[in-house]
Amino acid sequence: MTDHNMLLAAQPAPLPLELERSALLIIDMQRDFLEPGGFGSSLGNDVSLLRNAVEPCQRVLAAARSAGVVVIHTREGHRADMADAHPHKVMRGGPATRIGAAGPMGRILIRGEPGHDIIPELAPLPGEVVIDKPGKGAFYQTDLEMVLTTRRIDTLLVCGVTTEVCVHTTVREGNDRGYRCVALADCCASYFPEFHSIGLQMICAQNGIFGWVSDADAVTALLASR
Ligand code: C5J
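Definitions and cut-offs
- Residues numbered from 1 in each chain as written.
- Predicted model: local features only at pLDDT ≥ 70, side-chain atom pairs only at ≥ 80, totals over all residues.
- Heavy atoms only, no water.
- Near = heavy atom within 4 Å.
- Polar contact = N/O pair within 3.5 Å; in protein donor to acceptor, adjacent residues only side chain to side chain.
- Areas by Shrake-Rupley, 256 points an atom, 1.4 Å probe, with all protein chains shown as cover.
- Nonpolar A, V, L, I, M, F, W, Y, C, P; charged D, E, K, R; others polar.
- Phe/Tyr/Trp six-rings, centres within 6.5 Å; stacked < 30°, edge-to-face > 60°.
- Axes fitted to C-alpha atoms, helices over the stretch in contact; angles between N-to-C directions.
- Helix = DSSP H or I, 4+ residues; strand = E, 2+ residues; numbered from the N terminus.
- Parallel < 35°, antiparallel > 145°, perpendicular 65-115°, else oblique.
- Left-handed = near helix turned anticlockwise from the far one by under 90°.
- Contact = heavy atoms within 4.5 Å.

Another aspect to go through is the site of the ligand. Inspection of the region around the ligand gives D28, F33, F39, E76, K136, V161, T162, V165 and C166 as its neighbouring residues. At 2.7 Å, a side-chain N or O of D28 approaches a nitrogen atom of the ligand. Between the ligand and E76, the relevant distance is 2.9 Å, taken from a nitrogen atom to a side-chain nitrogen or oxygen of the residue. Surface burial for the ligand is 92%, taken as the share of its 230 Å² of free accessible area covered by protein chains. Along the lines of polarity and charge, the residues of the shell around the ligand split into 5 nonpolar, 1 polar and 3 charged.

Following this line, the structure appears as structure tokens:
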């Protein structure tokens, strides 16, 4: 089977995939969002709800690595001096829970702090691209578009957290830039299960207004058939 004939099961319709032009984009699977004591829990969320996405992400990551698919990780966070943090992003909630405040995993959402790290289960390998982003979208104020252009990538298989925030923003940004974005449903998660579900529906409704929705089984089966 040539890559041109590979068809990914997806909503609203199956999607032909060229693996050489596809990248796995894993959004913000950081301790700050998935572990107690980070940004997510400082906002009052039950971070255990995000754990559902870890095992499906691990399977897709392993399959992508075996198939030689480009893997890109992102991390949301700010410079230690917070010169890249809009005051209106920072000044929300009480002082103890704000971006930059000291927490059990270091300063919240600050680069270089333990909470900013990607969880060990999904740690990047040497050679995989890691994009540090100051916003919710992975294209905003980053070199992601240049990384994709130099690799001739036109399709993004998108995993990560949270579905309706950074995954959704990135899918919307990618769609507007001409990328075919496929959210992998079980590889994404939210603190709000209803937002997860509706967020995925919003992506593939209206003939795929923002993109496609598939899942870990469909991607791993396709990659194994290569
Ligand atoms: C949030 C993210 N939820 N990675 N960030 O603030 O979705």
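Moving on: the packing of aromatic side chains. What the rule picks out here adds up to 3 aromatic pairs. Centroid distance F192 to F195: 4.7 Å. Interplanar angle 35°. Geometry classified as tilted.

Their axes nearest at 10 Å, the elements helix α6 (residues 163–176) and helix α7 (residues 193–208) cross at an angle of 10°. Between α6 and α7, the angle falls in the class roughly parallel. With respect to the hand of their crossing, α6 and α7 are arranged in right-handed fashion. Facing T163, E164, H168, V171 and R172 of α6, the residues of α7 in contact are F195, H196, G199, L200, M202 and I203. Its residues placed into classes, the contact of α6 with α7 shows 5 nonpolar, 4 polar and 2 charged.

Geometry only, nothing functional implied.
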